[in-house]
Amino acid sequence: SRGLGDVYKRQGVAIQQSNWTATTNNIVEVNENLCHYLGAVLGKAIEPSNILAIREEDVEPADMLFTSPLCQPWASGGQGKGWRDPRSQTFLAAIRYAQYLDKKGSLKVVVYENTTRILSSIQHREPGFDRIKREWNEHMEEWTMLEPWDLRGLDFLHPLLRHRCFMVSVPKVFRDVLTV
């Protein structure tokens, strides 16, 4: 599997060269306990919210979007129904959220995290990633194509042994200075 260093080489060089640092954070989380924990860590109140209900006017500018839409539609533990599972709509909502942030003019990088099973099709007709790519290209025209990376948590001193899929994109204006 490729490492995060490769992700930064391919997608983050321009951002690193500009000495960019994240200055804002928007948290969309439905779990009240997690909101309380994150609020304590960040030193600010985090109110539970549902990404399916977010409106453009609710979104504050942010530099980076890192989100993990529900993986159950593609995971074997979640019955793997793919796009037939209503929970899959959280991924399309996450793309809308990226659109809203992009319109604010400050977004510099998008990272989606999910199960690697989103890359293949077993029980459903269309691999999750195929539709995600299509939606991304249709709605985020000024951004590079989402590039999937299969990473194993153990490679990064993370206690999970399982593989995860990270999908990364930056504005096309950075593309010319990206190196491999």
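Up top you'll find the structure we're talking about.
Every residue gets a number counted from 1 within its own chain, in the order that chain's sequence is written. Reporting in this predicted model follows two pLDDT cut-offs: at least 70 for local features of residues, and 80 or more for side-chain atom pairs to be given and counted; totals over whole chains, interfaces and linings ignore these cut-offs and use all residues. Side-chain numbers here rest on the full set of heavy atoms in the structure, without hydrogens or water.

J.: I tried to follow the side chain of Asp85 on my own but got confused; where do I start?
T.: Locating Asp85 in the fold gives a position in the loop between strand 1 (64-67) and helix 3 (89-104). Assessed through its relative accessible area of 4%, Asp85 is described here as buried. What qualifies as a polar contact is a pair of N or O atoms within 3.5 Å, subject to a donor-acceptor requirement within protein and to the restriction that residues adjacent in sequence count only when both atoms come from side chains. In this structure the side chain of Asp85 is engaged in a polar contact, spanning 2.7 Å, whose partner is the side chain of Arg87. Not counting residues up to four positions away in its chain, the partners in contact with Asp85 are Gln72, Pro73 and Gly78. Helix numbers and strand numbers start at the N terminus; a helix is a DSSP run of H or I with at least 4 residues, a strand a run of E with at least 2. Each residue gets one of three labels from its accessible area relative to the maximum for its type: buried under 20%, exposed over 50%, partly exposed in between, using a 1.4 Å probe on protein chains only. By the convention used here, residues are in contact when the closest approach between their heavy atoms is within 4.5 Å.

J.: I tried to follow the packing of aromatic side chains on my own but got confused; where do I start?
T.: The relation between two aromatic rings is expressed through the spacing of the ring centres and the mutual angle of the planes. By convention, a stacked pair of Phe, Tyr or Trp rings (six-membered ring in the case of Trp) has centres within 6.5 Å and planes under 30 degrees apart, an edge-to-face pair has planes over 60 apart, and any other such pair is tilted. Enumeration over the complete set of coordinates arrives at 5 aromatic pairs. Arranged with centres 6.1 Å apart and planes meeting at 50°, the rings of Phe66 and Phe166 form a pair that is tilted. Remark: Phe166 occurs in strand 4 (residues 163-169) and Phe66 occurs in strand 1; sequence separation between them is 100 residues. The class for Phe66 is partly exposed, based on a relative accessible area of 47%. Taken together, the ring pairs connect Phe91, Tyr112, Trp136 and Trp143 into an aromatic cluster. Sitting over the face of the ring of Trp83, Arg131 holds its NZ or CZ atom 4.5 Å from the ring centroid. Here, over-ring charges are defined by two tests on the NZ atom of lysine or the CZ atom of arginine: distance to the ring centre within 6 Å, and angle to the ring normal within 35 degrees.

J.: Sorry, what's going on with the nonpolar core here?
T.: Note on terminology: a nonpolar core comprises buried Ala, Val, Leu, Ile, Met, Phe, Trp, Tyr and Cys residues joined through side-chain atoms within 4.5 Å. Ranked by internal contacts, the top residues of the largest apolar core, which has 28 residues, are Leu65, Phe91, Val110, Tyr112, Trp136 and Met167. If you list the elements that add at least two residues to this core, you get helix 3, strand 2 (109-115), helix 4 (128-139) and strand 4. Of the residues forming this core, the biggest block, 9 residues, is contributed by helix 3. The next biggest cluster of nonpolar side chains, apart from the first, holds 8 residues, and it includes Val111, Trp149, Phe166 and Phe174.

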